[in-house]
Amino acid sequence: MKNKNTHATLLVLVGGYILYIAYMLFDKMRSGAQEMPPALNIAAIAFFALAGLGVLLYAWKTWRKDDKADKEGPEQEDQIK
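Here's what I pulled together on the structure shown here. (Residues numbered from 1 in each chain as written. Predicted model: local features only at pLDDT ≥ 70, side-chain atom pairs only at ≥ 80, totals over all residues. Heavy atoms only, no water.)

1. Focus: the overall build of the protein chain
What the protein chain contains, in helices and strands, is 3 helices and 0 strands. Put simply, the protein chain runs from its N terminus to its C terminus through helices and strands in the order α-α-α. Sorting the 81 residues of the protein chain into buried and exposed places 21% on the buried side. In the protein chain, the share of contacts with a sequence separation of at least 24, taken over all contacts with a separation of at least 6, comes to 62%. (Helix = DSSP H or I, 4+ residues; strand = E, 2+ residues; numbered from the N terminus. Buried < 20%, exposed > 50% of the residue type's maximum accessible area, 1.4 Å probe, protein only. Contact = heavy atoms within 4.5 Å.)

This is the structure:
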């Protein structure tokens with residue numbers, strides 16, 4: 001990959017979209033326009049919220065690892081992998 005931050009940036013976008021899905025499910029439940037049973041809706045909201053946060057955490061760790069590798073220099077990059 002030409003830009004190491006591209007991977008982390010795409011992961012942030014994916015994590016944000018997953019959190020957006022969780023928010024939209026919550027908003028539908030709150031407004032009363034839900035199409036699923038309440039228990040299933042709450043489970044879906046929890047799943048998407050946790051998945052979105054997990055992807056964002058993974059993106060942050062990936063970004064930090066790539067940033068640390070850039071600061072150490074290209075000669076030590078092979079040792080990190």
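2. Side note on the packing of helix α1 (residues 5-31) against helix α2 (residues 38-72)
Here α1 crosses α2 at 160 degrees, and the two axes come no closer than 8 Å. Judged on the interaxial angle alone, α2 and α1 are roughly antiparallel. The two elements α1 and α2 meet at a crossing, and its hand is left-handed. The residue inventory of the contact of α1 with α2, partitioned by class, reads 23 nonpolar, 7 polar and no charged. (Axes fitted to C-alpha atoms, helices over the stretch in contact; angles between N-to-C directions. Parallel < 35°, antiparallel > 145°, perpendicular 65-115°, else oblique. Left-handed = near helix turned anticlockwise from the far one by under 90°. Nonpolar A, V, L, I, M, F, W, Y, C, P; charged D, E, K, R; others polar.)

3. So, α2
The end-to-end C-alpha separation of α2 is 51 Å, in line with the 51 Å expected for 35 residues at 1.5 Å each. All of the buried residues in α2 are Asn 41, Ala 44, Ile 45, Gly 52, Val 55, Ala 59, Thr 62, Asp 66 and Ala 69. (Expected span 1.5 Å × (residues − 1).)

4. Examining a nonpolar patch on the surface
There is a patch of nonpolar side chains on the surface, built from Tyr 17, Tyr 20, Tyr 23, Met 24 and Phe 26 and spanning about 530 Å² of accessible area. Here Met 24 lies in helix α1. A relative accessible area of 32% places Met 24 in the partly exposed class. (Patch = residues over 30% accessible without salt bridge, like charges linked within 9 Å, V, L, I, M, F, W, Y side chains within 5 Å. Areas by Shrake-Rupley, 256 points an atom, 1.4 Å probe, with all protein chains shown as cover. Salt bridge = Lys/Arg side-chain N within 4 Å of Asp/Glu carboxyl O.)

5. Some points on the environment of Gln 34
The residue Gln 34 is located in the loop between α1 and α2 in this model. Judged by relative accessible area, Gln 34 falls into the partly exposed class, the value being 29%. Each residue touching Gln 34, except ones within four places of it in the same chain, is listed here: Lys 28, Met 29 and Asn 41.

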